[in-house]
Structures are given as C-alpha cells and as structure tokens.
Amino acid sequence: MSTTAIAPATISPRRSVPESIARPEYVDKPAPAPFTGNEVKDAETIEKIRIACRLAAQARDVVGEHVAPGVTTDELDRVGHEYLCDHGAYPSTLGYKGFPKSLCTSVNEVVCHGIPDARVLEDGDIVNIDITAYLNGVHGDTNATFLAGDVDEETRLLVERTREALERAIRAVKPGRRVNVVGRVIEAYARRFGYGVVREFTGHGIGTSFHSGLVIPHYDDPRFDDEIRPGMTFTIEPMLNLGTHEWVMWDDGWTVVTADGRPSAQFEHTLLVTNDGAEILTLP
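On a predicted model such as this, the values are computed, not experimentally measured, just so you know.

**Student:** Just to check I follow, could you spell out the overall build of the chain for this structure?
**Tutor:** Of the regular secondary structure elements, the chain holds four helices and 15 strands. In terms of C-alpha radius of gyration, the chain reaches 18 Å, essentially the compact-globule figure of 19 Å for 284 residues. Its C-alpha atoms give the chain principal-axis dimensions of roughly 50 × 45 × 30 Å. Roughly 11,500 Å² of accessible area belongs to the chain as shown, and the carbon and sulfur atoms make up 49% of that amount.

And the structure:
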C-alpha cells in the first residue's frame with residue numbers, strides 16, 4: 001500500500017456540460033429542494049431509474065478501467081464526465097451543494113466524497129469511484145473500489161469483503177422487513193474481521209431526488225425502522241475501514257478520511273424492492 005498520506009492537490013476548472021442536457025434542479029443552489037414524493041415508485045418512474053442506473057454502472061466500469069498507477073484522479077473525472085455527457089446524462093454530483101466535479105474519487109484512507117484533483121495514483125493505492133447519472137428526470141447512483149497496481153493482501157481483502165458485505169445486505173432486503181436489517185447484516189459480517197463500519201454516511205432513497213428522506217444505515221440501529229415495501233428504490237453503500245470507524249473531514253467540507261489514516265473501501269448499488277427481494281439496478 002502507498003505509505004504517503006493523502007493530501008489536497010490542485011483542482012482543475014469545472015468541466016462544462018452541453019446545454020442540451022437537462023440539469024437537476026439543485027445545480028448551483030445551496031441545497032436541493034425538499035423531497036415530497038413517495039418512496040414507492042410507479043412503473044414509469046422505475047423504468048426511467050433502471051435506464052439511468054444502467055448508464056451509471058457502465059460509466060463506473062469505464063472509469064474503473066482507467067485506474068492505474070500514474071493516472072490522476074482528475075483524469076478519472078474527465079473519463080466519467082465525458083462518458084455521461086456523451087450518453088445524454090448529467091453527472092449528478094456536479095454542482096450538488098457546490099461539489100466541483102462529476103464523480104468522487106476516494107483514495108486509500110479517504111472514506112468518501114474525495115474531490116478529483118492532480119494527485120497521481122501510486123502503485124498499491126485503492127480508489128473508490130462514486131458516480132451518479134441524471135437522465136430523464138431521475139438519478140442512478142453507484143460506486144466501486146478499484147485496485148491500482150499491486151495492492152497488499154490486507155487491503156485487498158478489505159476491498160473484497162466490503163463487496164461481500166454489500167452483497168449480503170442486498171440478499172437481506174425483503175418486503176415487510178425494516179431497513180435496519182441492512183445495517184445489522186453489514187455490521188455482523190464486518191465484526192468478524194475487526195473492521196470499522198462508518199455510521200454517519202448512509203444509503204438513501206433515490207429517484208427524482210438524488211437523496212430522498214429515506215435513510216439506509218450500514219450499522220445496526222433500531223431507530224431506522226422504515227418498512228421495506230415493493231417499489232422502493234434506494235442505495236446500499238457500506239464503508240468499511242481497516243481500523244477505527246471514526247473519521248475527520250478536510251477543510252474543503254467534502255473529503256472524509258479515517259481518523260487513524262488506515263484504508264477504507266466502499267461499494268454501492270441502487271436497488272429496486274421487488275415482491276420477493278431486491279433487483280440490482282446498477283449493473284451494466
């Protein structure tokens with residue numbers, strides 16, 4: 001694993017989006033409008049979400065193919081930005097509460113919301129690519145952690161097990177259960193390896209709003225007891241750390257890093273609740 005701590009680097013100017021591409025209502029506003037809809041979506045909206053999610057998954061994987069030592073995270077942002085725009089979608093993070101880039105690149109000890117910049121990926125780094133497509137009035141959100149070069153076994157296992165934690169949580173989604181079953185499954189699995197489970201950043205309802213009011217925790221918390229119902233669409237996106245679950249935020253107001261400087265990994269899918277489980281929408 002890279003032994004140098006992640007530090008801020010130069011951020012390039014904001015990339016432009018063709019005028020023909022529809023923007024979310026929140027772009028360059030202090031915050032999005034409050035969500036007032038239903039967490040259970042109608043068939044037409046679900047089909048739109050399915051299309052946006054498929055595009056986001058394709059963009060995630062295209063960006064992931066460019067992860068390698070010597071590549072800057074800003075270059076990864078360029079790849080994702082151009083892919084979404086070329087397919088008629090707006091990068092949901094661009095201009096969201098002032099976020100300056102079209103995806104998040106969270107390297108090594110960065111837990112989430114890393115801003116793409118001039119830092120060059122080093123051999124042994126891991127980098128999470130978090131990308132969301134806004135298309136036909138809805139969002140599709142996904143992320144995955146990719147390996148740059150030769151990653152040490154302890155960190156590689158963290159990445160593999162974080163993916164497994166997500167898959168186990170998805171299998172636990174059933175109509176009639178409460179959303180805290182998701183966190184219960186993730187936390188129980190992570191505890192087997194002594195991993196820290198980040199608590200303050202959660203999964204969320206998604207659709208016409210980037211983030212609805214629905215909270216999907218990644219640790220066991222009985223306060224989150226919304227009933228899982230067919231037609232709901234939401235994300236599960238666990239962040240597991242090799243060390244403590246605690247974190248600190250940089251002065252940029254976005255970049256979250258582990259408090260002990262040890263690596264963090266994350267995976268995310270957008271799901272549709274079906275009559276007997278969950279359909280993963282963010283598959284290419």
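**Student:** Looking at this structure, I do not really get the sheet that holds strand β13 (residues 264–266). What am I missing?
**Tutor:** Each strand in a sheet pairs with its neighbour through backbone hydrogen bonds, running either in the same direction (parallel) or in the opposite one (antiparallel). Taken in spatial order, the three strands of this open sheet run β6-β10-β13, and their pairing is antiparallel. Every interior strand has two partners, whereas the edge strands, β6 (196–197) and β13, have only one. Judged from the two bridges that link them, β6 and strand β10 (residues 239–241) form a sheet pairing that is antiparallel. Residue G196 lies in a different strand from β10, and its bridge partner there is N241.

**Student:** I'm lost on the pairing of strand β14 (residues 269–273) in this one. Help?
**Tutor:** Each regular strand displays side chains that alternate between the two surfaces of the sheet. Summarising burial for β14: five of the five residues are buried, a large majority. Covered by surrounding structure in β14 are H269, L271 and V273 together with T270 and L272, the residues of both alternating faces. Both β14 and strand β15 (residues 278–280) contribute to a ladder of three bridges, which runs antiparallel. Across the sheet, the residue bridging to L271 is I280, located in β15. The hairpin turn running from β14 into β15, its antiparallel successor, is four residues long.

**Student:** Sorry, what's going on with helix α3 (residues 153–171) here?
**Tutor:** Spacing of three or four residues puts side chains on the same side of an α-helix, whose turn is 3.6 residues. Here α3 spans 27 Å end to end across 19 residues, near enough to the 27 Å set by a 1.5 Å rise per residue. Restricting attention to buried positions, one finds in α3 the residues T155, L158, V159, T162, A165, L166, A169 and I170. Looking down the long axis of α3, one finds its buried residues gathered within 135° of arc, a one-sided arrangement. Those residues of α3 that are exposed and aimed more than 90 degrees away from the buried face are E153 and R171. Of the residues flanking the start of α3, the one acting as N-cap is D152, its side-chain oxygen 3.2 Å from the backbone nitrogen of E154.

Scoring rules and cut-offs
- Residues numbered from 1 in each chain as written.
- Predicted model: local features only at pLDDT ≥ 70, side-chain atom pairs only at ≥ 80, totals over all residues.
- Heavy atoms only, no water.
- Helix = DSSP H or I, 4+ residues; strand = E, 2+ residues; numbered from the N terminus.
- Rg over C-alpha atoms; globule rule 2.2 N^0.38 Å.
- Areas by Shrake-Rupley, 256 points an atom, 1.4 Å probe, with all protein chains shown as cover.
- Pairing = 2+ DSSP bridges.
- Buried < 20%, exposed > 50% of the residue type's maximum accessible area, 1.4 Å probe, protein only.
- Expected span 1.5 Å × (residues − 1).
- Arc of directions from axis to C-beta.
- Polar contact = N/O pair within 3.5 Å; in protein donor to acceptor, adjacent residues only side chain to side chain.

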